[in-house]
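What follows is each chain in one-letter form.
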Amino acid sequence: LILEPHMAAGLLCNMLGAIDGDMVFKEASFLADKLDAIIAAPGISLIDDPHLKRSPGSAPFDGEGFATYRKDLISKGALKTFLYDTYTARKAGKKANACARRGYASMPHPGTFNVYVEPGSDNPKDIYTSADTALLLTRGMGRGLNSITGDYSRGANGLWLEKGEVVHAVQEVTIAGDYLEMLQNIDAIGTDLTMRGSSGAPTLRVANITVSGT
């Protein structure tokens, strides 16, 4: 499976609900016992940076007035932090980490600012041509990740590739599997980090995944 940058960002950002400190405290997250554990391929680092220039998610302070700072959510495949606002941190006996988000009429809640996957060293063109056969994912349908169980299932459209050449379009198939296995099966990370709004990623390739449909 090859994911264009905006689809790759969606895959990794799917996990943000599972690192919400409130969900972890309630034991309603499949990542609750995975802090400091390897959950993704060694080349995967997921960053939340509130200070990116000219990015819509940037902010010097969070929704509770704490000075924001860059956080390594995943560093070289290891899960490094959960997200706690003051209320959630107090319940869980943890320390708030300047991640509170709020609207003009809402209470603060744990969240992120600018989330992106650090680029790797693989040329995107080489990623496309290196696989004998691949599904290039261009559009997803549905949410995908069950943040309680870690099961992933999502409808998808894309293009069927052979040696990097488009053979035919693919519509209304289903991609399914264990989410952590998908992250650990990422075996190519492009140099083409692309930001769309407040999230971004480079091209990614997943070595092995279940695709159903005709």
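Parameters and conventions
- Note that residues are indexed from 1 along each chain, following the sequence as it is written.
- The predicted nature of this model means local features are confined to residues of pLDDT at least 70 and side-chain atom pairs, given and counted, to a pLDDT of 80 or more, with totals for whole chains, interfaces and linings taken over all residues.
- Where side-chain values are given, they derive from all heavy atoms of the structure, hydrogens and water being excluded.
- Points on a 1 Å grid, built from protein atoms alone, make a cavity when a 1.4 Å probe fits but cannot get out and make a pocket when they are open with protein on both sides within 12 Å along at least 5 of 7 lines; residues with an atom within 4 Å of a point are the lining residues.
- Grid points are joined across faces, edges and corners, and a volume is the space filled by probe spheres set on the points.
- For helices the rule is a DSSP run of H or I covering at least 4 residues; for strands it is a run of E covering at least 2, with both sets numbered from the N terminus onward.
- Think of it as three bins: nonpolar holds Ala, Val, Leu, Ile, Met, Phe, Trp, Tyr, Cys and Pro, charged holds Asp, Glu, Lys and Arg, and polar takes everything else, Gly as well.
- Type-normalised accessible area, obtained with a 1.4 Å probe on protein chains alone, sets the label of each residue: buried when under 20%, exposed when over 50%, and partly exposed for intermediate values.
- In protein, a polar contact requires one atom able to donate a hydrogen and another able to accept it; more generally it is a pair of N or O atoms within 3.5 Å, and residues adjacent in sequence count only if both atoms are side-chain atoms.
- By definition in these notes, contact holds between two residues if any of their heavy atoms fall within 4.5 Å.
- At least two bridges found by DSSP between two strands are what make those strands a pair.
- pLDDT is a residue-level measure of predictor confidence that goes from 0 to 100.

K.L.:
Please provide a residue-by-residue account of empty space enclosed by the protein, values included.
P.N.:
Unfilled space is identified by rolling a water-sized probe across the atoms. Taken as a whole and assessed by the stated rule, the structure comprises one cavity of 30 Å³ or more. Roughly 40 Å³ of internal volume is contained in the largest cavity. At the level of elements, α1 (5-13) and β9 (151-162) are the ones that each hand at least two residues to the lining of the largest cavity. For the lining of the largest cavity, the residue count by class is eight nonpolar, no polar and one charged.

K.L.:
Tell me what's going on with unusual backbone geometry, and back it up with residues and numbers.
P.N.:
Positive phi, close to 50°, is recorded for Lys76, a residue that is not glycine. Locating Lys76 in the fold gives a position in the loop between β3 (71-75) and β4 (78-79). Judged by relative accessible area, which is 63%, Lys76 ranks as exposed. Phi at Glu172 takes a positive value of approximately 55°, unusual for a residue other than glycine. Mapped onto the elements, Glu172 comes out in strand β10 (residues 165-178).

K.L.:
So, the side chain of Asn114: which residues are in play, and what are the values?
P.N.:
Within the element layout of this structure, Asn114 appears in the loop between β6 (109-110) and β7 (115-117). By relative accessible area, Asn114 is classed as buried at 0%. Of the polar contacts made by the side chain of Asn114, one reaches the backbone nitrogen of Gly57; its length is 3.2 Å. Ignoring sequence-local partners within four residues, the contact set of Asn114 consists of Ile47, Asp48, Asp49, Pro50, His51, Leu52, Ser55, Gly57, Ser58 and Ser198.

K.L.:
Before we move on, can you summarise the layout of surface pockets with the specific residues and values?
P.N.:
In this structure, the largest pocket spans a volume of roughly 150 Å³. What lines the largest pocket is Leu1, Ala131, Thr133, Ala134, Leu135, Trp160, Asp187, Arg205, Val206, Ala207, Ile209 and Val211. Among the elements of the structure, β8 (133-141) and β14 (204-206) are those that each provide at least two residues to the lining of the largest pocket. Per-class residue counts for the lining of the largest pocket are nine nonpolar, one polar and two charged.

K.L.:
Got a sec to walk through the sheet that holds strand β2 (residues 46-48)? Specific residues and values, please.
P.N.:
By definition, the strands of a sheet pair up through backbone hydrogen bonds, in either a parallel or an antiparallel sense. Strands sit in the order β4-β3-β2-β7-β13-β12 across an open sheet of six strands; the sheet is mixed. The open sheet has two free edges, formed respectively by β4 and β12 (194-196), since each of these has just one partner strand. Pairing analysis gives three bridges linking β2 to β7, with the strands arranged antiparallel. Paired with Leu46 across the bridge in β7 is Val117.

K.L.:
Run through the confidence of the model for the protein chain, naming residues and quoting values.
P.N.:
As a note on interpretation, predicted positions should not be read in detail where pLDDT is low. Chain-level statistics for the protein chain give a pLDDT mean of 93 and a share of 99% at 70 or above. The weakest mean pLDDT in the protein chain belongs to strand β15 (residues 210-212) at 79; the strongest belongs to β4 at 98.

K.L.:
So what's going on with the environment of Met23? Which residues, and what values?
P.N.:
Looking at the element boundaries, Met23 is found in helix α2 (residues 21-25). For the pair Met23 and Leu83, spaced 60 residues apart in the sequence, the C-alpha separation amounts to 9.8 Å. Among all residues touching Met23, those that are not within four sequence positions of it are Gly17, Ala28 and Ser29.

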